[in-house]
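# Descriptive analysis of the structure
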Amino acid sequence: MAITAKAQARYALHREAREHILGGLGGAAGKLNNKLTAWWDLDFPGFQAEVRKALKRELTPKAQAEWEPWLAQQRARHEKLTATIIDGETELNARVYRLFDLTDDEIKLIEESTKYKYGEA
């Protein structure tokens, strides 16, 4: 299924980016904190702050020039994959709703309970 492939690609991106961050900034003893683990949620100043906090590193101007576009590129890839996943899930949900001939109230109930369950509310 296309949604699963995109989700797997996004997971691989998460893993590869975390490894890149640790390899480039963390050294052997480095460990990512929760915010760096979810790097896609950070803008560049936030990324720098978390590198400073978790990895005890200051990014030199040269390193900033390398890491800022890298982070922007990875975030764009993440956003594209996420949008594709959401679009696929939305279409799949619509098909299921039609298949079971659900009413608007039933659909609303399902969507509200699902969003709450997954922390999207």
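Going by the structure above, here's the rest.
These numbers were taken from a predicted model, which means no experiment stands behind them. Numbering of residues begins from 1 in every chain and follows the order in which that chain's sequence is written. For this predicted model, a pLDDT threshold of at least 70 governs which residues receive local features, and a threshold of 80 or more governs which side-chain atom pairs are given and counted, while totals over whole chains, interfaces and linings are taken from all residues. Where side-chain values are given, they derive from all heavy atoms of the structure, hydrogens and water being excluded.

On to the environment of histidine 14. You can see histidine 14 is positioned in helix α1 (residues 2-26). Residue burial is assigned from relative accessible area. The probe radius is 1.4 Å, only protein chains are included, and a residue is buried under 20% of its type maximum, exposed over 50%, and partly exposed in between. Here histidine 14 falls in the buried class, since its relative accessible area comes to 10%. Placed 23 residues apart in sequence, histidine 14 and threonine 37 show a C-alpha to C-alpha distance of 8.1 Å. Residues contacting histidine 14, with those up to four places away along its chain left out, are Trp39, Trp40 and His78. Within 3.5 Å is the distance limit for a polar contact, defined as a pair of N or O atoms, with the added protein rule that one can donate a hydrogen and the other accept it, and that residues adjacent in sequence qualify only through two side-chain atoms. A polar atom in the side chain of histidine 14 sits 3.0 Å from the side chain of histidine 78. To qualify as a helix, a DSSP run of H or I must reach at least 4 residues; to qualify as a strand, a run of E must reach at least 2; elements of each kind are numbered from the N terminus. Contacts are assigned to residue pairs with any non-hydrogen atoms lying within 4.5 Å of each other.

So, about a negative patch on the surface. A cluster of like negative charges, contributed by Asp101, Asp104, Asp105 and Glu106, occupies part of the molecular surface. Structurally, glutamate 106 can be placed in helix α5 (residues 104-117). Classification of glutamate 106 by relative accessible area gives partly exposed; the value is 37%. Put simply, a patch holds well-exposed residues, over 30% relative accessible area, that have no salt bridge, with like charges counted together within 9 Å and Val, Leu, Ile, Met, Phe, Trp or Tyr side chains within 5 Å. For accessible areas, the Shrake-Rupley method is used with a probe of radius 1.4 Å. Any residue's cover is judged against the shown protein chains and nothing else. Note on definitions: salt bridges are taken to be side-chain nitrogens of Lys or Arg within 4 Å of carboxyl oxygens of Asp or Glu. Only four residue types enter the charge count, namely Lys and Arg as positive and Asp and Glu as negative; His and the chain termini do not. For charged residues, the charge sits on one atom: NZ in Lys, CZ in Arg, CG in Asp, CD in Glu.

Here the focus is the packing of aromatic side chains. Pairing of aromatic rings covers Phe, Tyr and Trp, the last counted by its six-membered ring, and requires centre-to-centre distances within 6.5 Å; plane angles under 30 degrees mean stacked, over 60 mean edge-to-face, and any other angle means tilted. Scanning the entire structure with this criterion turns up four aromatic pairs. Summarising the aromatic geometry, the rings of tryptophan 39 and tryptophan 40 are spaced 5.5 Å apart at their centres and angled 85° between planes, so their arrangement reads as edge-to-face. By relative accessible area, tryptophan 40 is classed as partly exposed at 22%. Through a chain of ring-to-ring contacts, three or more aromatic side chains come together here, namely Phe44, Phe47, Trp67 and Trp70.

Turning to the side chain of asparagine 33, a few remarks are in order. Tracing the backbone shows asparagine 33 in the loop between α1 and α2 (34-37). In this view, asparagine 33 contacts Glu50, Lys53 and Ala54; residues no more than four positions away in its chain are not counted.

Further remarks concern a nonpolar patch on the surface. On the surface, Leu92, Val96, Leu99 and Phe100 cluster together into a nonpolar patch covering about 400 Å² of accessible area. On the secondary structure map, valine 96 appears in helix α4 (residues 61-99).

Before going further, it helps to examine the side chain of threonine 82. With respect to the secondary-structure elements, threonine 82 resides in helix α4. A polar contact is formed between the side chain of threonine 82 and the side chain of arginine 10, at a distance of 3.0 Å.

With that settled, the discussion passes to α4. Every α-helix winds through 3.6 residues per turn, so residues three or four apart in the chain are directed the same way. For α4, built from 39 residues, the straight-helix expectation of 57 Å at 1.5 Å per residue is met to within 8% by its first-to-last C-alpha distance of 57 Å. Looking at α4, one finds that the buried residues are Ala63, Trp67, Trp70, Leu71, Gln74, His78, Leu81, Thr82, Ile85, Gly88 and Tyr97. Just past α4, the residue aspartate 101 takes up positive phi, approximately 50°. Helices are assigned an expected span. That span is 1.5 Å times one less than the residue count.

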